[in-house]
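This is what each chain is made of:
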Amino acid sequence: MEPFLAVVVGGLFAAGLYMILRRSIVKLLIGLVLLSNAANLVIFVTAGLHRGVPPLVPEGASAPLHTVADPLPQALVLTAIVISFGVLAFAMALVHRTHAMVKTDDINDLTSTDS
Amino acid sequence: MNWLLISPVLIPLVCGALSLTLWQSRRVQRWVGVIGTAALTVASFLLLYVVWHEGIQVSYMGGWIAPFGITFVADLFGAIMVVLGGLTGLAVAVYSLYTIDARREHFGYYPLTHILLAGVSGAFLTADIFNLFVWFEVMLLSSFVLLALGGERAQMEGALKYVTLNLFSSTVFLIAVGIIYGMTGTLNMADLAQKLPELERSGLVTTVGMLFMVSFGIKAAAFPLFFWLPASYHTPPVAVSALFAGLLTKVGVYALIRVFTLVFTDDVGYTHDVLLVIATLTMLVGVLGAAAQFEFRRILSFHIISQIGYMILGLALYTPLGLMGAIFYIMHHIIVKANLFLVSGAAYCLRGTYELKELGSLYRTAPFLSILFLIPALSLAGIPPLSGFFAKFVIIKAGLEVEAYFVVGIALLVGLLTLFSMVKIWNEAFWKEAPESSERLVAGAEQRGSYVPMLIPIIGLALITVFIGLNAEPFVVVATAAAEQLLDPAQYIQAVMEARP
């Protein structure tokens, strides 16, 4: 499972970076979405994937007996998803507003602050 | 629970929530703004006092001991940073009373400022690397909105670049956190510092270290990752610019110093050499960028970048004197840079423009303001006896000690070019005759109101600059002690791992 997910993460990064480097601000946003999802998957995979072993401690024991799935990365991913959801919602509003104001979708036209 | 330790986070959070409930009353929000930041400043000074006398303060959130729960730690460096955050917040809150227009106040300017300060303080005080990410996000989200608040075209363009690059930096940060957790199974920085040297694959550790360097490098606006800064910092109202210029990039520098003195210290020969190259180029590129500019706030923005180079240089030298210099530099820089932005706002109030070509004869109109500009400007360039002289002196002495003559030469050259930039602003904005075109701009000054109330925070910050310069001894002593703590991570690790609630 890990090699497969590694390829998926790589693919998401490649696609995300490609989209960020395009000139359209909408594609820029899509690129950011892809990148943040790729990051979440990385966290999910790095701690190791274990199937069907919930982190439960049997009665009377003070530690789990076998290898268990680590719940912490999932908590991290959950936090990261919530944060990226908020940030991307804001970014979307920003892109919308920028488009309404500048009347263009081309990043190369957004240079009035650079001169 | 150590209430004093978490109060720098708690006070702005509570004030932010309070301002939200008082959405309708802008007047009360303003007062909550001033009182809240004043309380933050007092609490942070108390914290610094306690840390100075009783050593590193530790608190476990929810009673979960390290390394399992989230730990809050204040060592001297963290406490100093919180104090600086409080002071900048207070100055900006007072300044905002007279400069923020009603529309921005209606859309939550004050709650956002509080949340921003909470995020900054949280980042300075946490000992958990994922928690650091969360505080970064708290800070960034409120800064995104503050930057875009008002919705002018320049703001939109600046915010888009700022948001994109900072989101990218957060993604890199998150990946690095994920990988480091996969390698060690811990997120507590003190625990990481213990576990990372035991790992066999030290190459991977350095790789993750570089990921952190890229992420924090973007946030600190280090070369070659700084392009978002001059594109965005001059677009919002001056109060917001000053807050960002004073604090936000310094949070990136803080994270760099924290991580590269505590966690990634195994391969100093590699990582800190990379930092040295980055620092040199950051100084040089920043100041050359400023030389080409003719807009008040854009010049100052480029100077932020070049000054960041000095701070990273102190870290890269990795000697007691170097780190002490970096800390002293941050203390001096936050005050001075915020103040310069505030002065540019007062100049705007008088003339209605930031373009140096259109400004002029401000010395004749407002001689007192001109003196108040000279204090931070000359301090930034490193003229004795102001604070910048000692900051630069210490860093350059640290460079000479390790015989890094080339870097020292660049640092001195950059100091000279900084002076050139400041003199350029002085000549263009304050000294030369106002051009003809400025008369219609001056005519608008009546509607913009008096600039005199703006002087209160400017005078306050200028006094601090002069005070640090004339009375540098105690600041040097505190910075030296903070640097010693940083260079001896065992103290930090012991405090975090062994303190019990």
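What you are looking at is a predicted structure, and each value in this text was computed from that prediction instead of being measured.

(A) Inspection of the overall build of chain A at higher detail. For chain A, the helix and strand inventory stands at 3 helices and 0 strands. Going from the N terminus to the C terminus, chain A shows its helices and strands as α-α-α. Since a compact globule built from 115 residues should have a radius of gyration of about 13 Å, the 20 Å found for chain A marks it as more spread out than a globular shape. Across its three principal axes, chain A shows a C-alpha extent of roughly 70 × 25 × 20 Å. Within chain A, the proportion of its 115 residues that are buried is 34%. Taking the intrachain contacts of chain A between residues at least 6 apart in sequence as the baseline, contacts between residues at least 24 apart amount to 58%. For chain A, the exposed area adds up to about 6,800 Å²; of that, 68% sits on carbon and sulfur atoms.

(B) Region of the structure containing the interface of chain B and chain A. Contacts between the two partners involve 36 residues from chain B and, on the opposite side, 37 residues from chain A. Of all residues in chain B, Met156, Leu160 and Tyr181 of chain B give up the largest surface area on contact with chain A, accounting jointly for 20% of the area buried on that side. The tally of links between chain B and chain A comes to 0 salt bridges. The interface formed by chain B and chain A holds 2 residue pairs in polar contact (both at pLDDT 80 or more) in total. Residue assignment for the side of chain B that touches chain A shows that the elements contributing at least two residues are α6 (129-148), α7 (153-184) and α10 (228-232) of chain B. Grouping the amino acids of the side of chain B that touches chain A by side-chain chemistry returns 21 nonpolar, 9 polar and 6 charged.

(C) Spatial organisation of the packing of helix α3 (residues 76-99) of chain B against helix α5 (residues 109-125) of chain B. Residue and element names in this part refer to chain B. Remark: α3 packs on α5, axes separated minimally by 9 Å, with the N-to-C direction vectors making an angle of 170 degrees. Considered as vectors, α3 and α5 are oriented roughly antiparallel to each other. Note on element contacts: α5 touches α3 through Tyr109, Tyr110, Leu117, Phe124 and Leu125, opposite Gly78, Met81, Val82, Gly85, Gly89, Val92, Ser96 and Leu97. Residue composition of the contact of α3 with α5, grouped by class: 9 nonpolar, 4 polar and no charged.

(D) Expanded view of helix α16 (residues 367-381) of chain B. All names here are of chain B. Between the first and last C-alpha of α16 there are 21 Å, a value that for 15 residues agrees with the 21 Å anticipated at 1.5 Å per step. Every buried residue of α16 is accounted for by Leu369, Ser370, Leu372, Phe373, Ile375, Pro376, Ala377, Ser379, Leu380 and Ala381. Against the buried residues of α16 lie α13 (296-317), α14 (320-351), α15 (362-365), α17 (387-401), α18 (405-431) and α21 (455-470).

(E) Structural view of the pairing of strand β2 (residues 71-74) of chain B. All names here are of chain B. Going residue by residue along β2, you find Thr71 and Val73 tucked away on one face and Phe72 and Ala74 tucked away on the opposite face as well. Note that strand β1 (residues 57-60) and β2 share 4 bridges and pair antiparallel. Residue pairing for β2: Ser59 is matched across the bridge by Phe72.

(F) Region of interest: the packing of aromatic side chains. Residue and element names in this part refer to chain B. For the structure on display, the rule yields 32 aromatic pairs over all chains. Aromatic pair Tyr109 and Tyr110: ring centres 5.1 Å apart, planes at 80 degrees, arrangement edge-to-face. Taken as a pair, Tyr109 and Tyr110 share a single burial class, namely buried. Taken together, a centroid distance of 6.0 Å and an interplanar angle of 25 degrees make the contact between Phe389 and Phe393 stacked. Taken as a pair, Phe389 and Phe393 lie in helix α17 at a separation of 4 residues, close to a single helical turn. Given a relative accessible area of 27%, Phe389 falls into the partly exposed group.

(G) How the structure looks around the side chain of Arg258 of chain B. All names here are of chain B. In this structure, Arg258 sits in helix α11 (residues 238-262). A residue is classified by how much of its surface remains accessible, and Arg258, at 3% relative accessible area, is buried. If sequence neighbours within four positions are ignored, Arg258 has contacts with Asp75, Phe77, Gly78, Met189, Val263, Leu486 and Tyr492.

(H) Summary view of the confidence of the model for chain A. Across chain A, the average pLDDT comes to 87, with 97% of residues at 70 or higher. Element-level pLDDT for chain A is lowest in helix α3 (residues 71-102) of chain A, with a mean of 90, against a maximum mean of 93 in helix α1 (residues 2-21) of chain A.

(I) Geometry of the packing of α11 of chain B against helix α23 (residues 489-498) of chain B. Residue and element names in this part refer to chain B. One way to put it is that α11 packs onto α23 with a least axis distance of 10 Å and a crossing angle of 95 degrees. Relative to α23, α11 is oriented roughly perpendicular. Residues Arg258, Thr261 and Leu262 of α11 form the contact with α23, whose participating residues are Pro489, Tyr492 and Ile493. A breakdown of the residues in the contact of α11 with α23 according to their chemical character gives 4 nonpolar, 1 polar and 1 charged.

(J) Geometry of the nonpolar core. Membership of the largest hydrophobic core comes to 216 residues, with the highest contact counts inside it found for Phe212 and Phe264 of chain B. Of the residues forming this core, the biggest block, 20 residues, is contributed by α14 of chain B.

What counts, and at which threshold
- Residues numbered from 1 in each chain as written.
- Chains lettered and ligands numbered in written order.
- Predicted model: local features only at pLDDT ≥ 70, side-chain atom pairs only at ≥ 80, totals over all residues.
- Heavy atoms only, no water.
- Helix = DSSP H or I, 4+ residues; strand = E, 2+ residues; numbered from the N terminus.
- Rg over C-alpha atoms; globule rule 2.2 N^0.38 Å.
- Buried < 20%, exposed > 50% of the residue type's maximum accessible area, 1.4 Å probe, protein only.
- Contact = heavy atoms within 4.5 Å.
- Areas by Shrake-Rupley, 256 points an atom, 1.4 Å probe, with all protein chains shown as cover.
- Buried area = accessible area lost by both parts, 1.4 Å probe.
- Salt bridge = Lys/Arg side-chain N within 4 Å of Asp/Glu carboxyl O.
- Polar contact = N/O pair within 3.5 Å; in protein donor to acceptor, adjacent residues only side chain to side chain.
- Nonpolar A, V, L, I, M, F, W, Y, C, P; charged D, E, K, R; others polar.
- Axes fitted to C-alpha atoms, helices over the stretch in contact; angles between N-to-C directions.
- Parallel < 35°, antiparallel > 145°, perpendicular 65-115°, else oblique.
- Expected span 1.5 Å × (residues − 1).
- Pairing = 2+ DSSP bridges.
- Phe/Tyr/Trp six-rings, centres within 6.5 Å; stacked < 30°, edge-to-face > 60°.
- pLDDT = per-residue confidence, 0-100.
- Core = buried A, V, L, I, M, F, W, Y, C linked by side-chain atoms within 4.5 Å.

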